[in-house]
Amino acid sequence: MTLFNEINCRKIHGEKNVFRGFFTNPIFYGIWIVTFVVQILLVQYGSFAFSCVPLTLEQWMWCLLFGVTVLLWNQLVNLIPVTRHMPKWGAGEVYEQTLPADLGPEGQPRQASSLTKGQILWLRGITRLQTQIAVVDAFYQPPLPNHPLLTMIPKTST
């Protein structure tokens, strides 16, 4: 069921065809196939290491049937109409937010500088991480010998 839900999770904005563009992402389908094969190998041959019993062909077919029902369930959920009170988050909208780096020499936006909401959120997250790393790095810097705060501390003789 998890493997088939991974396919559903590729389209999260009520899109009907979850297989559209499936083979345009070789990393996704490569990991999906490897996970599928490893899962079969672990169940069939990992009895000692994982304390499991190999399944029969009929049991594997039942597993496959239950897994495919996840795809069908997603289609049923997508039939539920979205009311006006429910926001459509990032349903393919493109936001015309331009960053200073996206401006050309005349201050005009460069070609392909519009970002999707997901890209904007990703950039914000990366920027926050960079800022937090810079703050942590600042605390690891050795203090300056002639810093005004250090001159206020009385020196004790030991």
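These figures come from a predicted structure and were not determined experimentally.

Parameters and conventions
- Residues numbered from 1 in each chain as written.
- Predicted model: local features only at pLDDT ≥ 70, side-chain atom pairs only at ≥ 80, totals over all residues.
- Heavy atoms only, no water.
- UniProt positions renumbered as here; feature names shortened; annotations may be inferred.
- Helix = DSSP H or I, 4+ residues; strand = E, 2+ residues; numbered from the N terminus.
- Phe/Tyr/Trp six-rings, centres within 6.5 Å; stacked < 30°, edge-to-face > 60°.
- Core = buried A, V, L, I, M, F, W, Y, C linked by side-chain atoms within 4.5 Å.
- Buried < 20%, exposed > 50% of the residue type's maximum accessible area, 1.4 Å probe, protein only.
- Contact = heavy atoms within 4.5 Å.

Q: Quick question: what am I supposed to make of the UniProt feature "transmembrane region" (unreviewed entry) in the chain here?
A: UniProt feature "transmembrane region" (unreviewed entry): in the numbering of this structure it lies at residues 27-47 and 59-80. Summarising residues 27-47: 95% helix, 0% strand, and an end-to-end C-alpha distance of 29 Å. Segment residues 59-80 splits into 91% helix and 0% strand. End C-alpha atoms: 33 Å apart.

Q: What is the right way to read the packing of aromatic side chains from this model?
A: Aromatic ring pairs are described here by two measures, namely the spacing of the ring centres and the angle between the planes. All told, the structure shown has eight aromatic pairs when counted by the stated rule. Ring geometry for Phe22 versus Phe28: centroids 5.6 Å apart, planes at 90°, classification edge-to-face. Chaining the aromatic ring pairs together yields one cluster made of Phe19, Phe22, Phe23, Phe28 and Tyr29.

Q: I keep staring at the nonpolar core and nothing clicks. Help me out?
A: In globular proteins that are soluble, nonpolar side chains generally tend to be buried together. Leu3, Phe4, Ile7, Val18, Phe22, Phe28, Trp32, Val70 and Leu71 form the largest nonpolar core, which has nine residues in total. Listing elements by their share of this core, those giving two or more residues are helix 1 (2-8), helix 2 (26-45) and helix 4 (57-78). The dominant element in this core, judged by the number of residues it contributes, is helix 1, at three residues. Leave out the neighbours within four places in its chain, and Leu71 touches Phe4, Ile7, Asn8, Val18 and Phe19.

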